[in-house]
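Residue-level listing of the chains:
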Number of protein chains: 2
Amino acid sequence: MKIKSGFPRPLCSVDVVIFALINSKLCVLLTKRPLSPNEPFRGKWALVGGFVDKNLDQDIKSTAIRKLKEKTNVDTPYLEQLGSWGSATRDPRDWSVTIAFYALLPKTLATKDKNGTNENVKWAVIQGSSIHEELAFDHMEIFKSALKRLRSKVEYTSLPAYLLDEKFTLSELQKTFEIIVGRKLEKSAFRTRINSVNLVTPIEEYRTGSNRPAQLYVLSKKSEPLYFKRTLKPVTDE
Amino acid sequence: MKIKSGFPRPLCSVDVVIFALINSKLCVLLTKRPLSPNEPFRGKWALVGGFVDKNLDQDIKSTAIRKLKEKTNVDTPYLEQLGSWGSATRDPRDWSVTIAFYALLPKTLATKDKNGTNENVKWAVIQGSSIHEELAFDHMEIFKSALKRLRSKVEYTSLPAYLLDEKFTLSELQKTFEIIVGRKLEKSAFRTRINSVNLVTPIEEYRTGSNRPAQLYVLSKKSEPLYFKRTLKPVTDE
DNA sequence: AGAATAGTGTCTTTAAGACAATATGGC
DNA sequence: GCCATATTGTCTTAAAGACACTATTCT
């Protein structure tokens, strides 16, 4: 079955940077590296990931979905390819290439079962642009790249909507955007912006509390994120 | 030297979508697939690329630079990672992963030597969103993805500047932008836009012709592309 | 002078930002 | 009524678009 390829092949893996909001904080899912001898970075925290399995996986996205499902039991969250990292030194075992993805999990799915039950998986709170844990391989670089991509895309797309549950109010949506960009947004401008694209659809339901009830919405189309016409705040040069 | 990896490894290659302006037309560099038996897509046109060489290449970007240099003799053009394609079926030989890059060559370097001398390399003219040649593997998809990325980035970055030679006039820069976006741009708005970021620096030279001489400029910094505050034209929803 | 392209100025339009005003439920 | 949050409106600001006008060199 082994075909003469002409070149010795590098290792090939897929990693997934999984984001979710836990207690109104942006978090990333980490797994503990196995303790077996021969394994690099034994017992260290790492991103969710693993080798491409030529028998199980039809393509690299399948590998990402498989790994995601293994650790979170979530099937189809927002999943986007981030980029690839490959070098002679990133894995002590051999020349190694990893294709990185990032995923956004809705609140309830993120905290469903899995957690508490599994000591080898945890949500790390993101503070500023980092987490307290050290990460195996070049996973810190990959994580930071994913965070940067997410933060950048918040400025001009509807990405944060994927972090909410099915029904949400505009205030909740705004709060989610604010958590990601890390600053307060103007209510009025935010609403105009959201309404300028076909992102949300009001439903016949309201969220009640100790104040005026708020209109509940669902995402109009769950598929692709929408692009706004301008960024939230002018990009600073230099 | 072969280490127990636990998993049979996929093939791992790098492809580079190389763009340049030839005779004021956006073009992409193609190479002819080898004719030897055992080779897939014999004699078909393909993107520039090849397998990662664990001995020669320190990382995947090195592979891209090596392949670029082999075919164009250009050392350091604008080079950006585009994404990865990997599946069981994209290469008849085996499960295969390719990491795609795209590069922008300045005019004179693109047409330097190499061409005419080598029957196995040619510039394909891009018309609309495609080229006339059929391409090997999934290279058409990769090419289209690169073109889409380039076109998208023109709307809010200074990318086209990398397609020009060292010295250029604002009109030439505008024309380059227009070729990529595929529509005419307003001269006044374009100039305001360019001047709003520190993209170009005037030099003590002028381009003369049968009309008023034009101020020549050079790129202020050759490193990263700059981001404008808005896209050129509102993105259409739907 | 006339052609041709370079470069500038003025007005309009679009969408974001600031801030205020009004709306509506629970208590 | 009062509080708290929802929702809307009005004015300002920043940058793109339309269009016209001026500038400079060559023939």
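No experiment lies behind these values; they were computed from the predicted model shown.

Basis of the calculations
Residues numbered from 1 in each chain as written. Chains lettered and ligands numbered in written order. Predicted model: local features only at pLDDT ≥ 70, side-chain atom pairs only at ≥ 80, totals over all residues. Heavy atoms only, no water. Near = heavy atom within 4 Å. Polar contact = N/O pair within 3.5 Å; in protein donor to acceptor, adjacent residues only side chain to side chain. Helix = DSSP H or I, 4+ residues; strand = E, 2+ residues; numbered from the N terminus. Nonpolar A, V, L, I, M, F, W, Y, C, P; charged D, E, K, R; others polar. pLDDT = per-residue confidence, 0-100. Contact = heavy atoms within 4.5 Å. Axes fitted to C-alpha atoms, helices over the stretch in contact; angles between N-to-C directions. Parallel < 35°, antiparallel > 145°, perpendicular 65-115°, else oblique. Pairing = 2+ DSSP bridges. Buried area = accessible area lost by both parts, 1.4 Å probe. Salt bridge = Lys/Arg side-chain N within 4 Å of Asp/Glu carboxyl O. Expected span 1.5 Å × (residues − 1). Buried < 20%, exposed > 50% of the residue type's maximum accessible area, 1.4 Å probe, protein only. Arc of directions from axis to C-beta. Disulfide = S-S within 2.5 Å.

Attention now moves to the protein's contact with DNA strand D. In the region of DNA strand D, 22 residues are neighbours, and Lys187, Ser188 and Asn211 of chain A together with Arg212 and Leu232 of chain B sit closest. Counted by atom, the contact set of DNA strand D within 4 Å of the protein is 62% sugar and phosphate. In this structure, a phosphate oxygen belonging to DNA strand D sits 2.9 Å away from a main-chain N or O atom of glutamine 215 of chain A. Looking at the surface near DNA strand D, the elements that each hand over two or more residues are helix 5 (187-196) and strand 9 (214-219) of chain A together with helix 5 (187-196) of chain B. Residue composition of the surface near DNA strand D, grouped by class: five nonpolar, eight polar and nine charged.

What follows covers the confidence of the model for chain A. Residues and elements named next belong to chain A. In this model, chain A carries an average pLDDT of 90, and 92% of its residues clear a pLDDT of 70 or more. Put simply, helix 2 (residues 107-110) is where chain A has its lowest mean pLDDT, 82, and strand 5 (residues 96-104) is where it has its highest, 98. In this model, residues 234-238 is a region of pLDDT below 50 whose contacts with residues beyond four sequence positions or in other chains number eight contacts.

What follows deals with the packing of helix 4 (residues 170-181) of chain A against helix 5 of chain A. All names here are of chain A. At a minimum axis separation of 11 Å, helix 4 and helix 5 run at an interaxial angle of 100°. As judged from the angle between their axes, helix 4 and helix 5 are roughly perpendicular. For the pair helix 4 and helix 5, contact is made by Leu170, Ser171, Leu173, Gln174 and Phe177 and by Lys187, Phe190, Arg191 and Ile194, respectively. Residue composition of the contact of helix 4 with helix 5, by class: five nonpolar, two polar and two charged.

Glancing now at the sheet that holds strand 8 (residues 200-207) of chain B. All names here are of chain B. Strand order in this open sheet of three strands is 7-9-8, and the pairing throughout is antiparallel. Either end of the sheet is taken by a strand with one partner, and the two such strands are strand 7 (168-169) and strand 8. The sheet contact formed by strand 7 and strand 9 (residues 214-219) spans two bridges and is antiparallel. Looking at strand 9, one finds that threonine 169 is bridged to leucine 216.

Here the focus is the interface of chain B and chain A. On the side of chain A, 44 residues touch chain B, which itself brings 44 residues to the contact. Note on chain B versus chain A: buried area summed over both sides is about 3800 Å², and carbon and sulfur give 57% of it. Taken together, the links from chain B to chain A amount to four salt bridges. A salt bridge links aspartate 94 of chain B to lysine 54 of chain A, with the nearest nitrogen and oxygen atoms 2.9 Å apart.

All names here are of chain B. A rise of 1.5 Å per residue sets the reference length of helix 3 (residues 139-154), with its 16 residues, at 22 Å; its end C-alpha atoms lie 22 Å apart and thus fit the reference within 8%. Buried within helix 3 are the following residues: His139, Ile142, Phe143, Ala146, Leu147, Leu150, Lys153 and Val154. Projected onto a plane normal to the axis of helix 3, the buried residues spread over an arc of 135° and lie on a single side.

A word on the state of the cysteines. Going through the model one piece at a time under the given rule, you end up with zero disulfides over all chains. Cysteine cysteine 12 of chain A shares no disulfide, and the gap to the nearest cysteine sulfur, in cysteine 12 of chain B, comes to 5.8 Å.

Attention now goes to the protein's contact with DNA strand C. The environment of DNA strand C is formed by 22 residues, the closest being Arg230 and Leu232 of chain A together with Ser171, Ser188 and Asn211 of chain B. If you look at DNA strand C and keep only atoms within 4 Å of the protein, 60% of those are sugar or phosphate atoms. Between DNA strand C and the protein, one listed contact pairs a phosphate oxygen with a side-chain N or O atom of serine 171 of chain B at 2.7 Å. Within the side chain of asparagine 211 of chain B, one N or O atom sits 2.7 Å away from a sugar or linking oxygen of DNA strand C.

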